[in-house]
Amino acid sequence: ILFYLIQSKKLDLTGLRIYIDDPFMFMMNVSLWLFGSVALTSCRWYLLLRGMNLHLPFKRVLHLNMVGFFFNTIAPGAVGGDLVKAYYLFRDQKDGARTPAMLAIFLDRLVGLYCVFIIAAISVLSFYQNFTSSKIMSSIAFVAIAGFTGMSLVFALLFFASKPVESNLIYR
């Protein structure tokens with residue numbers, strides 16, 4: 001997408017010159033992004049763990065997320081950090097709580113994907129005229145809206161189910 005926008009001259013990168021001219025502004029932006037994203041994903045994962053009756057202190061969740069972030073950055077592929085988080089979380093849990101621990105990592109990924117679709121759908125709706133300019137951009141807009149709509153419907157069906165789904169495998 002970035003390549004297309006730069007080649008078609010629809011993306012003007014001259015506004016990023018401020019980061020070259022003012023390194024302090026660049027460092028503040030990077031640190032805010034880095035620590036903000038780690039803190040928000042830690043909050044999200046902390047809430048997911050609590051919802052599955054896994055009561056880890058927030059400090060431990062933050063630690064595991066930072067370890068996962070490190071391995072996502074260093075290891076090839078996008079799931080290296082999740083595997084390391086899963087290992088440490090699995091190791092910390094008792095026998096009966098291991099299934100919800102693994103499920104929490106999967107749900108964290110699923111919620112993260114849903115958030116990406118939300119941001120993409122908001123972008124498409126906000127800048128609709130830009131997405132109708134070419135066939136490629138229209139396809140991207142369709143995938144964004146379809147992903148958001150599909151995941152919203154699945155979550156709504158699960159949320160508004162007539163009775164809560166409880167499994168003996170999860171809550172032992």
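Here we summarise the structure given alongside this text. (Residues numbered from 1 in each chain as written. Predicted model: local features only at pLDDT ≥ 70, side-chain atom pairs only at ≥ 80, totals over all residues. Heavy atoms only, no water.)

Regarding the packing of aromatic side chains
Between two aromatic rings, the relevant description is the distance of the centres plus the angle of the planes.
And step 1. All chains considered together, the criterion is met by 5 aromatic pairs.
And step 2. Note on Phe70 and Phe71: the rings are 5.2 Å apart at their centroids and 85° apart in plane angle, and the pair reads as edge-to-face.
And step 3. When its relative accessible area of 32% is taken as the criterion, Phe71 is described as partly exposed.
And step 4. Ring geometry for Tyr114 versus Phe155: centroids 4.9 Å apart, planes at 90°, classification edge-to-face. Remark: Phe155 occurs in helix α8 (residues 135–159) and Tyr114 occurs in helix α6 (residues 98–126); sequence separation between them is 41 residues.
And step 5. Exposure remark for Tyr114: the relative accessible area of 17% places this residue in the buried category.
And step 6. Each member of the aromatic cluster is reached from another via a ring pair, and the members are Tyr114, Phe148 and Phe155.
And step 7. Of note, Lys85 hangs over the ring of Trp45, and the distance from its end group to the ring centre comes to 4.5 Å. (Phe/Tyr/Trp six-rings, centres within 6.5 Å; stacked < 30°, edge-to-face > 60°. Buried < 20%, exposed > 50% of the residue type's maximum accessible area, 1.4 Å probe, protein only. Helix = DSSP H or I, 4+ residues; strand = E, 2+ residues; numbered from the N terminus. Lys NZ or Arg CZ within 6 Å of the ring centre and 35° of its normal.)

Observations regarding the packing of helix α4 (residues 58–74) against helix α5 (residues 80–92)
And step 1. Between α4 and α5, whose axes approach to 6 Å, the crossing angle comes to 145°. The chirality of how α4 crosses α5 is right-handed. Two secondary-structure elements touch here, α4 through Arg60, Leu64, Asn65, Val67, Gly68, Phe71 and Asn72 and α5 through Gly80, Gly81, Asp82, Val84, Lys85, Tyr88, Leu89, Arg91 and Asp92.
And step 2. Grouping the amino acids of the contact of α4 with α5 by side-chain chemistry returns 6 nonpolar, 5 polar and 5 charged. (Axes fitted to C-alpha atoms, helices over the stretch in contact; angles between N-to-C directions. Left-handed = near helix turned anticlockwise from the far one by under 90°. Contact = heavy atoms within 4.5 Å. Nonpolar A, V, L, I, M, F, W, Y, C, P; charged D, E, K, R; others polar.)

With respect to the packing of helix α3 (residues 23–51) against α6
And step 1. In the contact formed by α3 and α6, the axes pass within 10 Å of each other and the chain directions differ by 135°. Classed by the angle they form, the pair α3 and α6 counts as oblique. The way α3 lies across α6 gives a crossing that is right-handed. Side by side, α3 and α6 meet where Arg44, Trp45, Leu48 and Leu49 of the first sit next to Ala104, Ile105, Leu107, Asp108, Val111 and Gly112 of the second.
And step 2. The class makeup of the residues in the contact of α3 with α6 is 7 nonpolar, 1 polar and 2 charged. (Parallel < 35°, antiparallel > 145°, perpendicular 65-115°, else oblique.)

Structural notes on the pattern of salt bridges
And step 1. As enumerated under the stated definition, the model contains 6 salt bridges in all.
And step 2. Among the ionic pairs, Lys85 bridges to Asp82, the shortest N-O distance being 3.8 Å. Pair noted here: Lys85 and Asp82 are both in helix α5, with a separation of 3 residues, about one helical turn.
And step 3. Look at Lys85 and you get buried, because its relative accessible area is 5%.
And step 4. Residue Asp82 is classed as buried on the basis of its relative accessible area, which comes to 12%. (Salt bridge = Lys/Arg side-chain N within 4 Å of Asp/Glu carboxyl O.)

Here's the deal with the nonpolar core
And step 1. Judged by nonpolar contacts, the single largest core of 13 residues is most densely connected at Trp45, Leu49, Leu56 and Leu89.
And step 2. Among the elements of the structure, α3, α4, α5 and α6 are those that each provide at least two residues to this core.
And step 3. In terms of residue count, α6 provides more of this core than any other element does, 3 residues in total.
And step 4. With residues near it in sequence (within four places) discarded, Leu49 still touches Leu54, Leu56, Val61, Leu89 and Ala104.
And step 5. Counting residues in hydrophobic clusters, the runner-up holds 5 residues, among them Val124, Phe131, Ala141 and Ala144. (Core = buried A, V, L, I, M, F, W, Y, C linked by side-chain atoms within 4.5 Å.)

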